[in-house]
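# Remarks on the overall topology
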Amino acid sequence: MSKAERTKQFIIETAAPIINKKGMAGTSMSDIMEATKLAKGGIYGNFESKDEICKEAYSYLSSQLAGRLNEAVKAGKTAKEKLDNLLDVYKNRSLDGGCPILNFGIEADDTHPEIKARVNKSISSARNRIAEIAVFGIEHREISKDLNVHIFSTKVFAMIEGAIMCRRIMDSDEVMQTVIETIKKDFESHSI
C-alpha cells in the first residue's frame, strides 16, 4: 500500500465512527480535520468532497460489521449456534456507535441516493445472512420446512435494527434483550 493509499485509509477509518455517530450532515470537515490532525488540503488531496468521505466511511463500517457477523455465524456448528452467535454480536453492544445500516439509511433515504443504494444492498445482505442460517437448519434437519425463511429473515433483521435504535434512544438493553429472546423462541418453535 502506497503512502497516499495509507493516508486515504487512515482518513476513512478515523472519520467513519464520527460520521456514524454525528451523521453525514452533522459531521463537519473541521470534525474530520481535528480527528485526523490533517489540514483541509490533506483531506481534499485524497477526496473530492465530504460526500465521498461519507460514501467510503459507510462502505468501511458496513464491511467491518459484515465481517464480524460472518465470523460469528461461521463459528457455529448448528443453526441454533449460528443464530445465537449472530445475536451475540448485537447483544454485546459491539455497535455502541450505532449500526451504520440504520444510521446512514435514515439520513440517506431522501438526500443521498448512492448511499441509499449501498444501504439497500447491506440490508439485502443482512437478510440473506439470516436466511442462510434458517436454510442451513432446514437442510440439516434441525428446523422444520414449515419455517418461511423470507418472512423469518425479514422479521429478524427489522427487529434487531429496531432494538438497536431503542437501545440508543432509551440507553437501556431491555428492548434488545426482549427482541433476542423473542427471536430465539421463534426459531426454537420450528425445531424438529
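Under an unreviewed UniProt entry, the protein chain has the name Transcriptional regulator, TetR family and belongs to Chryseobacterium arachidis.

## A short note on the layout of surface pockets
By volume, the largest pocket amounts to about 200 Å³. Taken together, 15 residues make up the lining of the largest pocket; nearest its centre are Ser62, Ala66, Lys121, Ser122 and Ser125. Broken down by secondary-structure element, the contributors of at least two residues to the lining of the largest pocket are helix H4 (50-75) and helix H7 (113-139). Per-class residue counts for the lining of the largest pocket are seven nonpolar, five polar and three charged.

## Some words on empty space enclosed by the protein
One pass over the structure, following the stated rule, counts one cavity of 30 Å³ or more. Put simply, the largest cavity is a space of about 50 Å³. Forming the boundary of the largest cavity are Leu69, Leu86, Tyr90, Ala126, Arg129, Ile130, Phe157, Ile160 and Glu161. Only helix H5 (79-91), H7 and helix H8 (149-170) provide two or more residues apiece to the lining of the largest cavity. For the lining of the largest cavity, a count of residues per class yields seven nonpolar, no polar and two charged.

## Some words on the pattern of salt bridges
Applying the stated criterion across every chain, the model contains 10 salt bridges. Residues lysine 55 and glutamate 114 are paired through a salt bridge, measuring 3.0 Å at the closest nitrogen-oxygen approach. In this pair, lysine 55 sits in helix H4 while glutamate 114 sits in helix H7, placing the two residues 59 residues apart along the sequence. The class for lysine 55 is partly exposed, based on a relative accessible area of 23%. Residue glutamate 114 is classed as partly exposed on the basis of its relative accessible area of 40%. Lysine 155 is paired through a salt bridge with aspartate 186; the nearest N and O atoms lie 2.7 Å apart. In this pair, lysine 155 sits in helix H8 while aspartate 186 sits in helix H9 (residues 174-188), placing the two residues 31 residues apart along the sequence. Relative accessible area serves as the criterion here: at 18%, aspartate 186 is assigned to the buried category.

Rules behind the numbers
Residues numbered from 1 in each chain as written. Predicted model: local features only at pLDDT ≥ 70, side-chain atom pairs only at ≥ 80, totals over all residues. Heavy atoms only, no water. 1 Å grid on protein atoms, 1.4 Å probe; cavity = no way out; pocket = protein on both sides within 12 Å on 5 of 7 lines; lining within 4 Å. Points joined across faces, edges and corners; volume = space filled by probe spheres on them. Helix = DSSP H or I, 4+ residues; strand = E, 2+ residues; numbered from the N terminus. Nonpolar A, V, L, I, M, F, W, Y, C, P; charged D, E, K, R; others polar. Salt bridge = Lys/Arg side-chain N within 4 Å of Asp/Glu carboxyl O. Buried < 20%, exposed > 50% of the residue type's maximum accessible area, 1.4 Å probe, protein only.

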